[in-house]
Amino acid sequence: MTLQTPLVDNRTERERAIDEWLPVSSSRNAKWWYSAFHNVTAMVGAGVLSLPYAMSELGWGPGVSVLVISWVVTLYTLWQMVEMHEMVPGKRFDRYHELGQHAFGEKLGLYIVVPQQLIVEVGVNIVYMVTGGKSLKKFHDLLCNDNCKDIKLTYFIMIFASVHFVLSHLPNFNSISGVSLAAAVMSLSYSTIAWSASITKGVQPNVDYGYKSGTTADKIFNFFSALGDVAFAYAGHNVVLEIQATIPSTPRTLQRVRCGRGWWLLTLLWPFAISRLRLLVTGFLEMRFRTMFLSIYAMPVFDMIETVLVKNLNFTPSFTLRFITRNLYVALTMFIGICFPFFGGLLGFFGGFAFAPTTYFLPCIMWLTIYKPKRWSLSWIINWICIIFGVALMIVSPIGGLRQIIVEAKDYKFFS
């Protein structure tokens, strides 16, 4: 077993104090199971819940094929990111953009990675504001009798956001490990209930498994949108380096163990997707789960915002600064979610436009740039296949998602 080259700390006292305050770099003493909880929470979310719907739009043959390809590609790119985390002796790339800067240069790396990562993480937060509110409304409707007054979705999104206003002030990843554990248990529960229920129920008579869409145009655009739903389900790459940053520097072999965990984390998506169930355990359970999921994806955004304010604009690290910025961020995502509560279309649009680059092919481009494998070698060919597949996904998926948003928006009234 070969140990890592010891890290040499050349930071000034001020830089060290700032790093110990920032959410990602402040928590270096996490246990490996903390990482497992965070990864399960990051991997298994609304994207997984949308997979049955995506399968109904893709069809059995194309749907299973897309899931297989996505599983293989994203498992490979996840392995790449784990390998590149400590590829430079004595240095760790604790944030996605730091790896991008190493691959593409200090400025170009920021310009390439940060916008895409922000779109993913802010987009996820907006989507979960919508789905959290809808889940809470569904829970209310299930418990409510006919005499209950109908409450606008807007208010439920605001109620859901109020929970996150509290959770957003947990300082770093380690502080939300308990939250992630609860979310991981819920993730496993979702998957287990879905596939076990479908097996128990068995094949039902007189069930049409054909495409739901009527016209050819609907079938094509819904197919494109469903590809984005699949891409949205494989989302953990956008926080994997930040999660790994919480673990102390360890022997290289242990990083391959983490990659092995990624294998079964992605495998969790399978039984749930193929069950073709649009299953909702209860709105309350979903609401709590989505709140936990929001915490995972909001933390890197908080880290970026606070880094800019403290390092670039020279604000003093303080509770007041964190309180104001995090509350403003939660309020912004809540407001956008209230204005555009289109769950299906948002999944397809963000899944293709943002998740495909950061998950499917950006790690491959970094690998080719850094390691420069010989042209037409196995590594070179595999990476280019992943890049071509990811770029195609990035092009067609937003088209379907945007059309679905437009269709849903025709009858929508703001703040309804």
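What counts and how
- Residues numbered from 1 in each chain as written.
- Predicted model: local features only at pLDDT ≥ 70, side-chain atom pairs only at ≥ 80, totals over all residues.
- Heavy atoms only, no water.
- UniProt positions renumbered as here; feature names shortened; annotations may be inferred.
- Helix = DSSP H or I, 4+ residues; strand = E, 2+ residues; numbered from the N terminus.
- Buried < 20%, exposed > 50% of the residue type's maximum accessible area, 1.4 Å probe, protein only.
- Contact = heavy atoms within 4.5 Å.
- Areas by Shrake-Rupley, 256 points an atom, 1.4 Å probe, with all protein chains shown as cover.
- Salt bridge = Lys/Arg side-chain N within 4 Å of Asp/Glu carboxyl O.
- Disulfide = S-S within 2.5 Å.
- Axes fitted to C-alpha atoms, helices over the stretch in contact; angles between N-to-C directions.
- Parallel < 35°, antiparallel > 145°, perpendicular 65-115°, else oblique.
- Left-handed = near helix turned anticlockwise from the far one by under 90°.
- Nonpolar A, V, L, I, M, F, W, Y, C, P; charged D, E, K, R; others polar.
- Phe/Tyr/Trp six-rings, centres within 6.5 Å; stacked < 30°, edge-to-face > 60°.
- Patch = residues over 30% accessible without salt bridge, like charges linked within 9 Å, V, L, I, M, F, W, Y side chains within 5 Å.
- Expected span 1.5 Å × (residues − 1).

Named according to an unreviewed UniProt entry, the protein is Amino acid transporter transmembrane domain-containing protein originating from Centaurea solstitialis. In its Subcellular location (unreviewed entry) section, the UniProt record describing the protein reads: "Membrane".

Details of the overall build of the protein
Broken down by element type, the protein carries 16 helices and zero strands. Expressed as a percentage of its 416 residues, the buried residues of the protein come to 53%. Of all intrachain contacts in the protein linking residues separated by at least 6 positions in sequence, the fraction that spans at least 24 positions is 87%. Accessible surface, the protein as shown: approximately 18500 Å² in total, 69% of it carbon and sulfur.

Let's talk about the pattern of salt bridges
On inspection of all chains with the given rule, the structure shows eight salt bridges. Salt-bridge contacts for Arg95 lead to Asp303; the nearest nitrogen and oxygen are separated by 2.6 Å. One end of the pair, Arg95, is in the loop between helix H4 (60-84) and helix H5 (96-104); the other, Asp303, is in helix H13 (residues 283-312), and 208 residues separate them in sequence. Residue class for Arg95 comes out buried when judged on its relative accessible area of 10%. Note on Asp303: relative accessible area 2%, which makes it buried.

Looking at the environment of Pro62
Summarising the element assignment, Pro62 is placed in helix H4. Look at Pro62 and you get partly exposed, because its relative accessible area is 34%. The residues touching Pro62, leaving out its near neighbours within four places in the chain, are Tyr211 and Phe223.

Overview of the state of the cysteines
Taken as a whole and assessed by the stated rule, the structure comprises zero disulfides. Counting only cysteine sulfurs, Cys386 is the nearest neighbor of Cys364, a cysteine outside any disulfide, at a range of 4.2 Å. Residue Cys364 is classed as buried on the basis of its relative accessible area of 0%.

Details of the packing of helix H6 (residues 106-143) against helix H7 (residues 153-167)
Direction vectors running N to C along H6 and H7 enclose 110°, while the axes themselves pass 8 Å from each other. Taken together, the axis directions place H6 and H7 in an arrangement best described as roughly perpendicular. When the axes of H6 and H7 are compared, the crossing they make is right-handed. Each of Tyr128, Met129, Val130, Gly132, Gly133, Lys134, Leu136, Lys137 and His140 in H6 lies in contact with H7, whose residues at this interface are Leu153, Phe156, Ile157, Ile159, Phe160 and Ala161. Split into classes, the residues belonging to the contact of H6 with H7 amount to 10 nonpolar, three polar and two charged.

Observations regarding the environment of Asp218
With respect to the helices and strands, the residue Asp218 is situated in helix H9 (residues 216-233). Since its relative accessible area comes to 23%, Asp218 is described here as partly exposed.

Details of the packing of aromatic side chains
The tally for this structure, following the rule as stated, stands at eight aromatic pairs. Relative to Trp79, the ring of Tyr76 lies with its centre 5.9 Å away and its plane at 25°, an arrangement referred to as stacked. In this pair, Tyr76 and Trp79 both sit in helix H4, three residues apart, roughly one turn of the helix. Residue Tyr76 is classed as buried on the basis of its relative accessible area of 18%. Overall, Trp79 belongs to the partly exposed group, its relative accessible area being 29%. Taking the centre distance of 5.2 Å and the plane angle of 40° together, the rings of Trp79 and Trp367 count as tilted. Remark: Trp367 occurs in helix H15 (residues 343-371) and Trp79 occurs in helix H4; sequence separation between them is 288 residues.

Some words on a nonpolar patch on the surface
Together, Phe319, Phe323, Ile324 and Leu328 line one region of the surface with nonpolar side chains, adding up to about 440 Å² of accessible area. Examined against the element boundaries, Ile324 turns out to sit in helix H14 (residues 319-339).

Observations regarding the packing of H9 against helix H16 (residues 378-409)
Between H9 and H16, the shortest axis-to-axis distance is 7 Å and the interhelical angle comes to 115°. Taken together, the axes of H9 and H16 are roughly perpendicular relative to one another. The handedness of the crossing between H9 and H16 comes out as left-handed. Along the contact surface, H9 presents Asp218, Phe221, Asn222, Phe224, Ser225, Leu227, Gly228 and Ala231, while H16 presents Leu393, Val396, Ser397, Ile399, Gly400, Gly401, Arg403 and Gln404.

Notes on H5
Burial within H5 is extensive, with seven of its nine residues counted as buried. Buried within H5 we find Tyr96, His97, Leu99, Gly100, Gln101, Ala103 and Phe104. Once H5 finishes, Gly105 follows within two positions and takes phi at roughly 110°, a positive value.

Here we look at H9
When the terminal C-alpha atoms of H9 are compared, their 26 Å separation across 18 residues agrees well with the 26 Å that a helix rising 1.5 Å per residue should span. Of the residues making up H9, those classed as buried are Asn222, Ser225, Ala226, Leu227, Gly228, Asp229, Val230, Ala231, Phe232 and Ala233.

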